[in-house]
Amino acid sequence: MNVFITRVIPQAGLELLNAAGFTVKQWTEKRKLTTEELIAECKWADALLSAGQQLGTEFLEASAHLKVIALNSVGYDNVDIDTATRLKIPVGNTPGVLSGATADTAFLLMMAAARNAFYMHKTIINSEWDFFEPTANLGKELTGGTLGIFGLGKIGIEMAKRCAGAFGMKIIYHNRKRHEEAEQELGAAYVTFEELLQQSDVISVHTALTPETEGKFNAEVFKQMKSSAIFVNTARGKIHNEEDLISALKNKVIWGAGLDVTNPEPMLAGNPLLSMPNVAVLPHIGSATESTRDAMAKLAAENIIAGLKGEKLPFAVNTEIYG
Ligand code: DGY
(Lines give C-alpha, C1' and ligand atoms only; values in the text may rest on other atoms or scores of the structure.)
Protein backbone atom coordinates (compact mmCIF):
# COMPACT_ATOMS: atom_id res chain seq x y z
CA MET A 1 0.00 0.00 0.00
CA ASN A 2 1.26 3.47 -0.86
CA VAL A 3 1.15 6.61 1.28
CA PHE A 4 1.81 10.10 -0.09
CA ILE A 5 2.85 12.79 2.43
CA THR A 6 2.66 16.47 1.48
CA ARG A 7 5.46 17.71 3.78
CA VAL A 8 8.45 16.21 5.57
CA ILE A 9 7.05 14.88 8.87
CA PRO A 10 8.86 13.72 12.03
CA GLN A 11 10.60 10.35 11.95
CA ALA A 12 8.28 9.07 14.70
CA GLY A 13 5.37 9.05 12.24
CA LEU A 14 7.42 7.63 9.35
CA GLU A 15 8.62 4.76 11.54
CA LEU A 16 5.04 3.66 12.24
CA LEU A 17 4.18 3.74 8.53
CA ASN A 18 7.35 1.83 7.61
CA ALA A 19 6.75 -0.75 10.34
CA ALA A 20 3.26 -1.31 8.92
CA GLY A 21 4.94 -2.20 5.60
CA PHE A 22 3.69 0.76 3.55
CA THR A 23 5.64 2.45 0.78
CA VAL A 24 5.93 6.12 1.66
CA LYS A 25 6.69 9.09 -0.56
CA GLN A 26 7.21 12.55 0.97
CA TRP A 27 7.02 15.86 -0.89
CA THR A 28 10.32 17.51 0.08
CA GLU A 29 10.04 20.84 -1.76
CA LYS A 30 9.45 23.81 0.54
CA ARG A 31 6.26 24.87 -1.16
CA LYS A 32 2.67 23.69 -1.34
CA LEU A 33 1.72 21.38 -4.17
CA THR A 34 -0.69 22.76 -6.73
CA THR A 35 -4.01 20.93 -6.96
CA GLU A 36 -2.87 19.36 -10.24
CA GLU A 37 0.40 18.14 -8.69
CA LEU A 38 -1.42 16.73 -5.67
CA ILE A 39 -3.93 14.91 -7.87
CA ALA A 40 -1.05 13.47 -9.93
CA GLU A 41 0.89 12.32 -6.82
CA CYS A 42 -2.21 10.75 -5.29
CA LYS A 43 -2.92 8.62 -8.40
CA TRP A 44 -0.20 6.30 -7.06
CA ALA A 45 -1.34 6.50 -3.45
CA ASP A 46 -3.84 4.53 -1.37
CA ALA A 47 -3.66 7.06 1.47
CA LEU A 48 -2.74 10.72 1.87
CA LEU A 49 -1.08 12.26 4.92
CA SER A 50 -1.64 15.97 4.47
CA ALA A 51 -0.08 18.99 6.14
CA GLY A 52 -0.80 22.53 5.01
CA GLN A 53 -2.68 21.66 1.82
CA GLN A 54 -6.12 22.84 0.75
CA LEU A 55 -8.13 19.70 -0.07
CA GLY A 56 -11.10 21.00 -2.04
CA THR A 57 -13.84 19.42 -4.13
CA GLU A 58 -11.74 19.20 -7.31
CA PHE A 59 -8.94 17.32 -5.55
CA LEU A 60 -11.28 15.01 -3.64
CA GLU A 61 -13.38 14.09 -6.65
CA ALA A 62 -10.23 13.31 -8.63
CA SER A 63 -8.88 11.23 -5.71
CA ALA A 64 -11.99 9.31 -4.69
CA HIS A 65 -9.94 6.08 -4.65
CA LEU A 66 -8.10 7.20 -1.48
CA LYS A 67 -8.92 4.90 1.42
CA VAL A 68 -8.03 7.49 4.04
CA ILE A 69 -6.84 11.08 4.42
CA ALA A 70 -4.95 11.82 7.64
CA LEU A 71 -4.31 15.46 8.52
CA ASN A 72 -1.21 16.41 10.44
CA SER A 73 -3.27 18.99 12.35
CA VAL A 74 -6.23 19.22 14.67
CA GLY A 75 -7.85 21.87 12.43
CA TYR A 76 -9.69 20.57 9.37
CA ASP A 77 -11.02 23.84 7.94
CA ASN A 78 -8.81 23.35 4.86
CA VAL A 79 -10.67 20.18 3.84
CA ASP A 80 -14.05 19.99 2.13
CA ILE A 81 -15.38 17.51 4.69
CA ASP A 82 -18.85 17.26 3.09
CA THR A 83 -17.33 16.10 -0.19
CA ALA A 84 -14.99 13.65 1.56
CA THR A 85 -17.99 12.24 3.42
CA ARG A 86 -20.06 11.97 0.24
CA LEU A 87 -17.16 10.10 -1.39
CA LYS A 88 -16.85 7.93 1.75
CA ILE A 89 -13.24 8.94 2.37
CA PRO A 90 -12.53 8.94 6.10
CA VAL A 91 -10.63 12.04 7.25
CA GLY A 92 -8.61 11.95 10.48
CA ASN A 93 -7.04 14.70 12.59
CA THR A 94 -4.77 14.99 15.65
CA PRO A 95 -6.78 16.29 18.64
CA GLY A 96 -5.47 16.43 22.20
CA VAL A 97 -1.74 16.01 21.73
CA LEU A 98 -1.13 19.65 20.78
CA SER A 99 -3.34 21.28 23.41
CA GLY A 100 -0.56 22.01 25.93
CA ALA A 101 1.91 23.36 23.36
CA THR A 102 -0.71 25.57 21.72
CA ALA A 103 -1.88 26.92 25.08
CA ASP A 104 1.77 27.66 25.93
CA THR A 105 1.94 29.76 22.76
CA ALA A 106 -1.27 31.62 23.65
CA PHE A 107 0.14 32.31 27.12
CA LEU A 108 3.45 33.48 25.64
CA LEU A 109 1.66 35.87 23.27
CA MET A 110 -0.56 37.20 26.06
CA MET A 111 2.51 37.99 28.16
CA ALA A 112 4.52 39.36 25.24
CA ALA A 113 1.71 41.71 24.30
CA ALA A 114 1.11 42.74 27.92
CA ARG A 115 4.77 43.73 28.35
CA ASN A 116 5.55 45.02 24.81
CA ALA A 117 8.16 42.27 24.78
CA PHE A 118 8.69 41.60 21.07
CA TYR A 119 8.81 45.34 20.30
CA MET A 120 11.26 46.04 23.12
CA HIS A 121 13.46 43.19 21.90
CA LYS A 122 13.56 44.88 18.48
CA THR A 123 14.74 48.15 20.06
CA ILE A 124 17.87 46.36 21.28
CA ILE A 125 18.55 44.92 17.83
CA ASN A 126 18.03 48.40 16.33
CA SER A 127 20.47 49.99 18.85
CA GLU A 128 17.60 51.99 20.37
CA TRP A 129 18.06 50.85 23.97
CA ASP A 130 19.25 54.10 25.47
CA PHE A 131 18.31 54.95 29.04
CA PHE A 132 15.86 53.94 31.75
CA GLU A 133 12.67 55.96 31.62
CA PRO A 134 10.26 55.51 34.54
CA THR A 135 7.30 56.52 32.39
CA ALA A 136 8.13 54.67 29.17
CA ASN A 137 7.39 51.18 27.85
CA LEU A 138 4.78 50.44 30.46
CA GLY A 139 2.79 47.25 30.14
CA LYS A 140 -0.24 45.70 31.79
CA GLU A 141 -0.39 43.54 34.91
CA LEU A 142 -2.34 40.33 34.42
CA THR A 143 -2.66 39.28 38.07
CA GLY A 144 -6.26 39.07 39.19
CA GLY A 145 -7.60 39.94 35.74
CA THR A 146 -10.33 38.15 33.82
CA LEU A 147 -9.50 35.73 31.01
CA GLY A 148 -12.29 35.28 28.46
CA ILE A 149 -12.02 32.11 26.40
CA PHE A 150 -13.86 32.05 23.08
CA GLY A 151 -14.19 28.33 22.36
CA LEU A 152 -13.52 26.38 25.54
CA GLY A 153 -12.31 22.99 24.32
CA LYS A 154 -9.09 21.09 25.01
CA ILE A 155 -6.73 23.98 24.13
CA GLY A 156 -8.88 26.61 25.85
CA ILE A 157 -8.91 24.54 29.03
CA GLU A 158 -5.09 24.34 29.01
CA MET A 159 -4.85 28.13 28.50
CA ALA A 160 -7.32 28.68 31.35
CA LYS A 161 -5.29 26.44 33.69
CA ARG A 162 -2.09 28.36 32.91
CA CYS A 163 -3.72 31.77 33.46
CA ALA A 164 -5.50 30.72 36.66
CA GLY A 165 -2.33 29.10 38.02
CA ALA A 166 0.12 31.85 37.10
CA PHE A 167 -1.97 34.98 37.62
CA GLY A 168 -5.02 33.86 39.61
CA MET A 169 -7.13 35.00 36.67
CA LYS A 170 -10.89 34.58 36.79
CA ILE A 171 -12.04 32.41 33.90
CA ILE A 172 -15.13 33.13 31.83
CA TYR A 173 -15.97 31.55 28.49
CA HIS A 174 -18.39 31.54 25.60
CA ASN A 175 -19.21 28.42 23.56
CA ARG A 176 -22.14 27.34 21.45
CA LYS A 177 -22.86 24.82 24.21
CA ARG A 178 -21.97 24.96 27.91
CA HIS A 179 -19.02 22.82 29.00
CA GLU A 180 -20.15 21.83 32.47
CA GLU A 181 -17.23 19.51 33.17
CA ALA A 182 -14.77 22.34 32.46
CA GLU A 183 -16.84 24.71 34.58
CA GLN A 184 -16.36 22.35 37.53
CA GLU A 185 -12.69 21.68 36.83
CA LEU A 186 -11.70 25.33 36.32
CA GLY A 187 -14.39 27.20 38.18
CA ALA A 188 -15.09 28.81 34.79
CA ALA A 189 -18.30 30.78 34.29
CA TYR A 190 -20.35 30.57 31.09
CA VAL A 191 -21.26 34.03 29.74
CA THR A 192 -22.93 35.39 26.63
CA PHE A 193 -20.68 36.61 23.82
CA GLU A 194 -21.49 40.23 24.75
CA GLU A 195 -20.59 39.59 28.41
CA LEU A 196 -17.34 37.94 27.33
CA LEU A 197 -16.42 41.09 25.39
CA GLN A 198 -17.41 43.48 28.15
CA GLN A 199 -15.81 41.65 31.10
CA SER A 200 -12.54 40.19 29.75
CA ASP A 201 -9.10 41.74 30.30
CA VAL A 202 -7.72 39.16 27.87
CA ILE A 203 -9.76 37.38 25.21
CA SER A 204 -8.16 34.22 23.89
CA VAL A 205 -9.61 32.54 20.80
CA HIS A 206 -9.59 28.72 20.73
CA THR A 207 -12.46 27.88 18.42
CA ALA A 208 -12.45 26.17 15.02
CA LEU A 209 -12.78 28.22 11.84
CA THR A 210 -16.33 27.69 10.55
CA PRO A 211 -18.73 29.88 8.54
CA GLU A 212 -20.08 30.98 11.94
CA THR A 213 -16.70 32.06 13.39
CA GLU A 214 -15.15 33.51 10.20
CA GLY A 215 -14.63 37.27 10.70
CA LYS A 216 -16.32 37.06 14.13
CA PHE A 217 -13.88 39.53 15.72
CA ASN A 218 -14.56 42.65 13.66
CA ALA A 219 -14.81 46.40 14.30
CA GLU A 220 -18.21 46.08 16.01
CA VAL A 221 -16.91 43.39 18.32
CA PHE A 222 -13.64 45.16 19.19
CA LYS A 223 -15.74 48.23 20.12
CA GLN A 224 -17.51 46.20 22.80
CA MET A 225 -14.23 45.08 24.43
CA LYS A 226 -12.47 46.98 27.23
CA SER A 227 -10.09 49.64 25.93
CA SER A 228 -7.46 47.99 28.17
CA ALA A 229 -8.07 44.49 26.72
CA ILE A 230 -5.62 42.19 24.96
CA PHE A 231 -6.86 40.03 22.07
CA VAL A 232 -5.06 36.69 21.56
CA ASN A 233 -5.65 34.37 18.60
CA THR A 234 -3.83 31.04 18.24
CA ALA A 235 -6.70 29.34 16.34
CA ARG A 236 -7.11 30.63 12.79
CA GLY A 237 -6.35 34.06 11.30
CA LYS A 238 -9.67 34.27 9.49
CA ILE A 239 -11.53 34.40 12.83
CA HIS A 240 -10.52 38.04 13.21
CA ASN A 241 -10.75 40.77 10.59
CA GLU A 242 -7.16 41.96 10.30
CA GLU A 243 -7.98 45.45 8.95
CA ASP A 244 -10.44 45.99 11.81
CA LEU A 245 -7.89 44.74 14.34
CA ILE A 246 -5.23 47.13 13.01
CA SER A 247 -7.68 50.01 13.23
CA ALA A 248 -8.87 49.01 16.74
CA LEU A 249 -5.26 48.97 17.97
CA LYS A 250 -4.29 52.23 16.20
CA ASN A 251 -7.33 54.01 17.62
CA LYS A 252 -6.88 52.53 21.11
CA VAL A 253 -10.26 50.77 20.93
CA ILE A 254 -8.41 47.81 22.50
CA TRP A 255 -4.96 47.80 24.10
CA GLY A 256 -2.97 44.98 22.57
CA ALA A 257 -2.90 41.75 20.59
CA GLY A 258 -1.00 38.48 20.39
CA LEU A 259 -1.34 36.47 17.19
CA ASP A 260 0.04 33.10 16.17
CA VAL A 261 -2.28 33.05 13.19
CA THR A 262 -2.83 35.73 10.57
CA ASN A 263 -4.75 36.30 7.38
CA PRO A 264 -3.02 35.79 5.03
CA GLU A 265 -0.23 33.47 6.14
CA PRO A 266 2.57 34.25 5.83
CA MET A 267 2.00 37.81 7.08
CA LEU A 268 3.81 40.37 4.91
CA ALA A 269 6.83 42.01 6.53
CA GLY A 270 5.34 45.51 6.09
CA ASN A 271 2.18 44.71 8.07
CA PRO A 272 1.49 47.58 10.53
CA LEU A 273 0.87 45.05 13.33
CA LEU A 274 4.58 44.22 13.28
CA SER A 275 5.59 47.73 14.31
CA MET A 276 3.06 48.21 17.12
CA PRO A 277 4.64 48.06 20.61
CA ASN A 278 1.83 46.13 22.27
CA VAL A 279 1.40 43.54 19.53
CA ALA A 280 3.21 40.20 19.39
CA VAL A 281 3.04 38.09 16.24
CA LEU A 282 4.40 34.57 15.65
CA PRO A 283 4.40 32.56 12.41
CA HIS A 284 1.86 29.82 13.30
CA ILE A 285 4.14 27.85 15.64
CA GLY A 286 1.46 26.93 18.20
CA SER A 287 2.18 23.20 18.15
CA ALA A 288 5.87 23.48 17.27
CA THR A 289 7.66 21.54 20.00
CA GLU A 290 9.62 18.36 19.33
CA SER A 291 7.41 16.11 21.45
CA THR A 292 4.14 17.59 20.20
CA ARG A 293 5.11 17.36 16.53
CA ASP A 294 6.24 13.74 17.11
CA ALA A 295 2.90 12.97 18.77
CA MET A 296 0.96 14.60 15.92
CA ALA A 297 2.89 12.63 13.29
CA LYS A 298 2.23 9.41 15.23
CA LEU A 299 -1.52 10.08 15.46
CA ALA A 300 -1.63 10.88 11.75
CA ALA A 301 0.22 7.62 11.02
CA GLU A 302 -2.20 5.69 13.28
CA ASN A 303 -5.11 7.15 11.32
CA ILE A 304 -3.46 6.02 8.06
CA ILE A 305 -2.77 2.52 9.38
CA ALA A 306 -6.37 2.07 10.57
CA GLY A 307 -7.79 3.49 7.34
CA LEU A 308 -5.67 1.19 5.16
CA LYS A 309 -6.74 -1.80 7.25
CA GLY A 310 -10.36 -0.80 6.65
CA GLU A 311 -10.82 -0.03 10.34
CA LYS A 312 -12.46 3.00 11.94
CA LEU A 313 -9.90 5.80 12.33
CA PRO A 314 -8.89 6.42 15.97
CA PHE A 315 -9.43 10.16 15.39
CA ALA A 316 -12.00 10.58 12.63
CA VAL A 317 -13.50 13.94 11.73
CA ASN A 318 -16.36 12.62 9.56
CA THR A 319 -17.54 9.84 11.88
CA GLU A 320 -20.89 9.77 10.06
CA ILE A 321 -19.36 7.65 7.29
CA TYR A 322 -19.27 4.77 9.79
CA GLY A 323 -23.07 4.89 10.10
C1 DGY B 1 -3.52 22.63 13.83
O2 DGY B 1 -3.18 21.52 14.25
O3 DGY B 1 -4.66 22.85 13.41
C4 DGY B 1 -2.47 23.68 13.83
O5 DGY B 1 -2.99 24.95 13.70
C6 DGY B 1 -1.49 23.42 12.71
O7 DGY B 1 -2.12 23.70 11.50
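As the structure is a computational prediction, the values presented were derived from the model and not from experiment.

Engineer: When you look at the overall build of the chain in this model, what are you seeing that I'm missing?
Structural biologist: Counting secondary structure elements, the chain contains twelve helices and twelve strands. Rg of the C-alpha trace for the chain: 21 Å, near the compact-globule value of 20 Å for 323 residues, within the 12% margin. For the chain, contacts bridging at least 24 residues in sequence account for 62% of all contacts bridging at least 6.

Engineer: I keep staring at the pairing of strand 9 (residues 202–205) and nothing clicks. Help me out?
Structural biologist: Side chains on a regular strand alternate between the two faces of the sheet. Alternating residues of strand 9 divide into Val202 and Ser204 and Ile203 and Val205, and every residue in both groups is buried. Here four bridges tie strand 9 to strand 10 (residues 230–233), and the two strands are oriented parallel to one another. Bridge pairing in strand 10 places serine 204 opposite valine 232. In terms of handedness, the path from strand 9 via helix 10 (residues 219–224) over to strand 10 forms a crossover that is right-handed.

Engineer: Is there a simple way to think about the site of the ligand in this case?
Structural biologist: In the vicinity of the ligand, the contacting residues are Ser73, Val74, Gly75, Leu98, Arg236, His284 and Met296. Note that an oxygen atom of the ligand is positioned 2.9 Å from one of the backbone N or O atoms of glycine 75. A distance of 2.8 Å separates an oxygen atom of the ligand from a polar atom in the side chain of histidine 284. If the ligand stood free it would expose 230 Å²; the protein chains cover 79% of that surface. For the shell around the ligand, the residue count by class is three nonpolar, three polar and one charged.

Engineer: Whenever I open this one, the sheet that holds strand 2 (residues 23–26) confuses me. Can you help?
Structural biologist: Whether parallel or antiparallel, the strands of a sheet pair through hydrogen bonds between backbone atoms. Spatial ordering of the open sheet is given by 2-1-3-4-5, a layout of five strands whose pairing is parallel. Pairing within the sheet leaves two strands with one partner each, and these edge strands are strand 2 and strand 5 (91–92). Note: strand 3 (residues 47–50) against strand 4 (residues 68–71), four bridges, orientation parallel. Residue pairing in the sheet places leucine 48 in a bridge with isoleucine 69 of strand 4. Where helix 2 (residues 35–43) meets the sheet, its contacts fall on strand 1 (2–5), strand 2 and strand 3, and the angle it forms with strand 1 comes to roughly 160 degrees. Along the sheet, helix 12 (residues 290–308) contacts strand 1, strand 3, strand 4 and strand 5; its crossing angle with strand 4, the most-contacted strand, is approximately 170 degrees.

Engineer: Would you explain the domain arrangement of the chain in this entry?
Structural biologist: Accessible area lost upon the coming together of the parts serves often as the stated size of an interface. Annotation of the chain at the domain level lists domain 1 (2–97 + 289–322) and domain 2 (99–281). Each of domain 1 and domain 2 has a C-alpha centre, and the two are 31 Å apart. Residue-level contacts link six residues of domain 1 with five residues of domain 2. Summing the contributions of domain 1 and of domain 2, the shared interface buries around 470 Å²; its carbon and sulfur component is 52%. The interface formed by domain 1 and domain 2 holds one salt bridge in total. Across the pair aspartate 77 and arginine 236 runs a salt bridge, and its minimum N-O distance is 2.9 Å. Summed over the shared surface of domain 1 and domain 2, the result is two residue pairs in polar contact (both at pLDDT 80 or more). Residue composition of the side of domain 1 that touches domain 2, by class: one nonpolar, four polar and one charged.

So, how was this worked out
Residues numbered from 1 in each chain as written. Predicted model: local features only at pLDDT ≥ 70, side-chain atom pairs only at ≥ 80, totals over all residues. Heavy atoms only, no water. Helix = DSSP H or I, 4+ residues; strand = E, 2+ residues; numbered from the N terminus. Rg over C-alpha atoms; globule rule 2.2 N^0.38 Å. Contact = heavy atoms within 4.5 Å. Buried < 20%, exposed > 50% of the residue type's maximum accessible area, 1.4 Å probe, protein only. Pairing = 2+ DSSP bridges. Right-handed = clockwise from strand over helix to strand, strands pointing away. Near = heavy atom within 4 Å. Polar contact = N/O pair within 3.5 Å; in protein donor to acceptor, adjacent residues only side chain to side chain. Areas by Shrake-Rupley, 256 points an atom, 1.4 Å probe, with all protein chains shown as cover. Nonpolar A, V, L, I, M, F, W, Y, C, P; charged D, E, K, R; others polar. Axes fitted to C-alpha atoms, helices over the stretch in contact; angles between N-to-C directions. Domains from an automatic or database assignment. Buried area = accessible area lost by both parts, 1.4 Å probe. Salt bridge = Lys/Arg side-chain N within 4 Å of Asp/Glu carboxyl O.

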